[in-house]
There are 2 protein chains.
Amino acid sequence: MDKDSKNKSKNKNSPVTIKDIARMAGVSITTVSHALSGERYVKEETRQKILKIIKDNNYKPNIIARSLSKKTTRILGVILPDINNYIYTKILKGIEEETAREDYILIISSTYFDDNVETNQIERLNTLFVDGLLFIGGTKDIKHIIKANVRDLPVVLVRRPVEDSGYPKILVDNKKAIIEAVNFLLDLGHEKIGYIGGVDDQDKISIDKYNGYIKGLENNKIRPDSKNIFLKKGIMQDSHKESYDMINNYLKTNNKIDMTALICKTDYIALGALDAFQRNNLVIPGDLSILGFGNLDISEHSNPKLSTISIPFEQMGNTAAKILIESITNKKVKKETILFDTTILQRKSTQKLRMSFKS
Amino acid sequence: MDKDSKNKSKNKNSPVTIKDIARMAGVSITTVSHALSGERYVKEETRQKILKIIKDNNYKPNIIARSLSKKTTRILGVILPDINNYIYTKILKGIEEETAREDYILIISSTYFDDNVETNQIERLNTLFVDGLLFIGGTKDIKHIIKANVRDLPVVLVRRPVEDSGYPKILVDNKKAIIEAVNFLLDLGHEKIGYIGGVDDQDKISIDKYNGYIKGLENNKIRPDSKNIFLKKGIMQDSHKESYDMINNYLKTNNKIDMTALICKTDYIALGALDAFQRNNLVIPGDLSILGFGNLDISEHSNPKLSTISIPFEQMGNTAAKILIESITNKKVKKETILFDTTILQRKSTQKLRMSFKS
DNA sequence: CTGTTAGCGCTTTCAG
DNA sequence: CTGAAAGCGCTAACAG
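What counts, and where the lines are drawn
Residues numbered from 1 in each chain as written. Chains lettered and ligands numbered in written order. Predicted model: local features only at pLDDT ≥ 70, side-chain atom pairs only at ≥ 80, totals over all residues. Heavy atoms only, no water. Contact = heavy atoms within 4.5 Å. Buried area = accessible area lost by both parts, 1.4 Å probe. Salt bridge = Lys/Arg side-chain N within 4 Å of Asp/Glu carboxyl O. Polar contact = N/O pair within 3.5 Å; in protein donor to acceptor, adjacent residues only side chain to side chain. Helix = DSSP H or I, 4+ residues; strand = E, 2+ residues; numbered from the N terminus. Nonpolar A, V, L, I, M, F, W, Y, C, P; charged D, E, K, R; others polar. Near = heavy atom within 4 Å. Expected span 1.5 Å × (residues − 1). Buried < 20%, exposed > 50% of the residue type's maximum accessible area, 1.4 Å probe, protein only. Pairing = 2+ DSSP bridges. Axes fitted to C-alpha atoms, helices over the stretch in contact; angles between N-to-C directions. Right-handed = clockwise from strand over helix to strand, strands pointing away. Least-squares fit on C-alpha atoms with pLDDT ≥ 70 in both. Phe/Tyr/Trp six-rings, centres within 6.5 Å; stacked < 30°, edge-to-face > 60°. Lys NZ or Arg CZ within 6 Å of the ring centre and 35° of its normal. Domains from an automatic or database assignment.

Draft legend 1. Local environment of the interface of chain B and chain A. If you look at the interface, chain B gives 52 residues, while chain A gives 52 residues. For the chain B and chain A pair, buried surface summed over both sides reaches about 4,700 Å², with 55% attributable to carbon and sulfur atoms. Among the residues chain B hides against chain A, the three largest losses belong to I64, R124 and H301 of chain B. Together they make up 14% of the total. There are four salt bridges connecting chain B and chain A. Across the pair R124 of chain A and D103 of chain B runs a salt bridge, and its minimum N-O distance is 3.1 Å. Linking chain B with chain A are 20 residue pairs in polar contact (both at pLDDT 80 or more). Put simply, the parts of the chain that give the side of chain B that touches chain A at least two residues each are helix 5 (63-70), helix 6 (86-101), strand 2 (105-110), helix 7 (115-127), helix 11 (239-254) and helix 12 (267-279) of chain B. Taken together, the residues of the side of chain B that touches chain A sort by class into 23 nonpolar, 15 polar and 14 charged.

Here's what the structure looks like:
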């Protein structure tokens, strides 16, 4: 029994270890380990004694050592395109909630849509022995992910528009969302319903949304009216401005509108359109109901407040984390795709059609 | 020499280790270790050989093992109130940039302004042996941080409004910012400059800003005009709406304004005010110049686009990370406070006074 | 019910 | 210029 064992733990920079606890409790480190993990039975009396000593000395197991020994870290890697994007942080919050409960730690890193960065980060996280990988958003391609994932880590994809992945995916049903939006507007009495947004072959979301619009009308035996469809080929870059310009140009040449409601591919587009209409002295929602998509925080600050289709980002993140943790513990990865429904958030930019007869 | 050493590394789930590399290269693991770290000289020839084998076998050192041995992880803990807040993620981006360059890994967690959660997370990160802690935002109190920081980890505070901390702090000079804003407006010809925002004894930022306003005027021998000062005692909760109401009520009872420029404590407040003025048929910036504070992404989407005071969040995060890493490597922590300057972003909601004579 | 001991994969003396 | 071996703090057979 060495003599200076007691003062040792007083040093701030060398925390007390399992060995110290064992010594103080007069048991082996094995017993301490088991008292903590419950892996095997420890006599209640000694267990209590150990626990007390642990508490008194503020002992915390060294997770690094545990990880090395157990080959598992309870760390999850989250890879997303841009930490500054509200969509991803919403999803992140849902993930955080679940992982905190399950006592996992999160390592988050941004790729800025660069697949090479993504590859590097996967390798990096691999060497850190994360227990699983969560991808939020990102490019359509995942070949590099599969290739870089040497250890065959469990992976879950959230809101990543890949065709066929081999990994479980959490997505939103955009087509269904817009079909519902059409029905929603029809219920308010609207029949002349327009659509504005970009459509790009490479962007499945944009196609789903547009198809939802067409399908929604067809379901109700309404034929789309091309003059109320504002389409931009490709992806809108500065969508707020582009949308403003499209509507503004239209109004300058046509002087009036022949629709009573407009579905917008995103909130930004909706806000741009809203602005253009108002600048041209149309009253929203009196003359036209406008519906956005996404429920960005900014859509709460328009005037009138934007009605929009809200996406359950947090819930999606939550589910993603659940599935990931599940597949870490159960080892058998389910490769199913989970589709989340959206909700229509009725604020002030939409209203019943007949109410507009006042003017 | 055992016979099946070669196939072993082919197993996907048991990555190749330093031992494997050593065996393949016919050297000791010590040599491999040093070839990698450069800690001591290794004959160039063997070094190249080792490096090639490492590359061919895609060997990555196990960071967990390294950490256990070196008692340092190259992991940094970042604690912030809310991952969904644009301000924090901006700062985060600056941090990320620096830490990525320096090859540190980030563990990020949100507290939602709960000091207990914060305490837990510090302890958690402690057991994970992070090398340093970065606090973004949060409450005024840091006693629990000091208490929980058993290992005396290097700490840097960003945008946390504490009085005296003992930790290096990265802050913004709010008072100076508003003084500059006053000067900026004066340069545009404005003399009747108003102010709108909350003021709370407990909120140093709000006080600094208001004082900056008063001081800015005084510096130019202008006496503040109380009817142009819209103050709310305490913190504004729904600032956009509250601001809208304050202005709207004022206009309903006064019918006109007696100022030509208005400084707003935040962009949200500015946007609410902007809305109220426009609803009451005032032209911005024709009748009134409006200046926000913070440069939220949303302020780009108003009409007119909001002129605002921009805070160098990314730079602040960057510097914070630099200082933290510095104090990790140098061990001697500088406790200085670093004050960052702001920039006035002139967009469309402010203009020269005389231009408004057109109406 | 408990202890001994061999690792986990790496770094780092110490020794040559 | 290079190796052997101890050790980081913990877990988990194996042994009683």
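Draft legend 2. Looking closely at the protein's contact with DNA strand C. The environment of DNA strand C is made up of 27 residues, and the closest members are T30, T31, R40 and Y41 of chain A together with I18 of chain B. Of all atoms in DNA strand C that approach within 4 Å of the protein, 61% are sugar or phosphate atoms. Taking S69 of chain B, its side chain carries an N or O atom lying 2.6 Å from a sugar or linking oxygen of DNA strand C. Those elements giving two or more residues to the surface near DNA strand C turn out to be helix 3 (29-37) and helix 5 (63-70) of chain A together with helix 3 (29-37) and helix 5 of chain B. Classifying every residue of the surface near DNA strand C gives nine nonpolar, 12 polar and six charged.

Draft legend 3. The arrangement of the protein's contact with DNA strand D in detail. The environment of DNA strand D is made up of 26 residues, and the closest members are I18 and S69 of chain A together with T31, R40 and Y41 of chain B. Counting only the atoms of DNA strand D that lie within 4 Å of the protein, the sugar and phosphate share comes to 61%. Within the backbone of I18 of chain A, an N or O atom sits 2.4 Å from a phosphate oxygen of DNA strand D. Contact distances for DNA strand D include 2.9 Å between a base nitrogen and a side-chain N or O atom of T30 of chain B. Looking at the surface near DNA strand D residue by residue, the classes come out as nine nonpolar, 11 polar and six charged.

Draft legend 4. Structural view of helix 7 of chain B. Its 13 residues place the ends of helix 7 of chain B 19 Å apart at the C-alpha level, agreeing with the 18 Å of an ideal helix rising 1.5 Å per residue. Where helix 7 of chain B is concerned, the buried positions are E118, T119, Q121, I122, L125, N126 and T127 of chain B. Here the buried face of helix 7 of chain B lies against helix 5 of chain A together with strand 1 (75-80), strand 2, strand 3 (132-136) and helix 8 (143-148) of chain B. For helix 7 of chain B, the side-chain oxygen to backbone nitrogen distance between the N-cap and N116 of chain B is 2.7 Å, and the N-cap itself is D114 of chain B. Of the residues one or two after helix 7 of chain B, F129 of chain B is the one with positive phi, at around 60 degrees.

Draft legend 5. Fine view of the pattern of salt bridges. All told, the structure shown has 42 salt bridges over all chains when counted by the stated rule. In this structure, D208 of chain B engages K204 of chain B in a salt bridge whose closest nitrogen and oxygen atoms are separated by 3.0 Å. With D208 of chain B and K204 of chain B both in helix 10 (residues 204-219), this residue pair falls four residues apart, about one helical turn. Judged by relative accessible area, which is 18%, D208 of chain B ranks as buried. The residue R279 of chain B makes a salt bridge to D275 of chain B at a minimum N-O spacing of 3.4 Å. Remark: D275 of chain B and R279 of chain B occur in helix 12; sequence separation between them is four residues, near one turn of the helix. Looking at D275 of chain B, the relative accessible area reads 10%, which means it is buried. When salt bridges with common partners are traced through the structure, they connect K192, D225, K227 and D258 of chain A into a single cluster.

Draft legend 6. Representation of the sheet that holds strand 10 (residues 307-310) of chain A within the structure. Residue and element names in this part refer to chain A. A sheet is described by the order of its strands in space; here six strands give the open sequence 7-6-8-9-10-12, paired in mixed fashion. If you trace the sheet from one side to the other, it starts and ends with strand 7 (229-233) and strand 12 (343-345), each paired once. Averaged over all pairs of adjacent strands, the angle between their axes in this sheet comes to 15 degrees, without regard to strand direction. As paired elements, strand 8 (residues 261-264) and strand 9 (residues 289-293) share three bridges and run parallel to each other. The residue bridging A261 from the neighbouring strand is S289, located in strand 9.

Draft legend 7. Geometry of the pairing of strand 6 (residues 193-199) of chain A. Residue and element names in this part refer to chain A. Within strand 6, seven of the seven residues are buried, which leaves it mostly tucked inside the rest of the structure. Here strand 6 shows no split at all, with I193, Y195, G197 and V199 on one side and G194, I196 and G198 on the other all buried. Alignment of strand 6 against strand 8, held across four bridges, turns out to be parallel. Its bridge partner being in strand 8, I193 is matched across the sheet by A261. Pairing between strand 6 and strand 7: five bridges, direction parallel. Directly across from G198, in strand 7, lies its bridge partner K232. Between the parallel pair strand 6 and strand 7, the chain is carried across by helix 10 (residues 204-219), and the sense of this crossover is right-handed.

Draft legend 8. How the structure looks around the relation of the copies chain B and chain A. Between chain B and chain A, which share one sequence, the superposing operator has a rotation angle of 180 degrees and an axial displacement of 0.0 Å; the RMSD is 0.1 Å. Both chain copies can therefore be described as sitting about a two-fold axis. Closest approach to the rotation axis within chain B is made by the C-alpha atom of I107 of chain B, at a distance of 2.4 Å. Taken as a fraction of all interface residues of chain B, those also at the interface in chain A reach 100%, which identifies the copy contact as same-surface.

Draft legend 9. Broad picture of the packing of aromatic side chains. Under the defined criterion, the tally for this structure stands at eight aromatic pairs over all chains. Site record: aromatic cluster; members linked through ring pairs are Y195, Y210 and Y213 of chain A. Over the ring of Y104 of chain A we find R74 of chain A, and its NZ or CZ is 4.4 Å from the ring centre. Directly above the ring of F293 of chain B sits K209 of chain B, whose terminal nitrogen or CZ lies 3.9 Å from the centroid.

Draft legend 10. Layout of helix 11 of chain B. Under the 1.5 Å per step criterion, the end-to-end length of helix 11 of chain B is 22 Å for 16 residues, consistent within 8% with the ideal 22 Å. Just beyond helix 11 of chain B, the residue with positive phi is N255 of chain B, at close to 70 degrees.

Draft legend 11. View of the domain arrangement of chain A. Residue and element names in this part refer to chain A. According to the domain assignment, chain A contains domain 1 (3-61), domain 2 (75-170 + 313-339) and domain 3 (174-311). Taking only C-alpha atoms, the centre of domain 2 and the centre of domain 3 are 32 Å apart. Each partner contributes residues to the interface: domain 2 has six residues there, and domain 3 has eight residues. Both faces combined, the contact of domain 2 with domain 3 buries some 670 Å², and carbon together with sulfur accounts for 61% of it. Contact with domain 3 buries surface across domain 2, with Y86, K140 and F313 losing the most and accounting together for 64% of the total. Where domain 2 packs against domain 3, one counts zero salt bridges. Here domain 2 and domain 3 share four residue pairs in polar contact (both at pLDDT 80 or more) between them.

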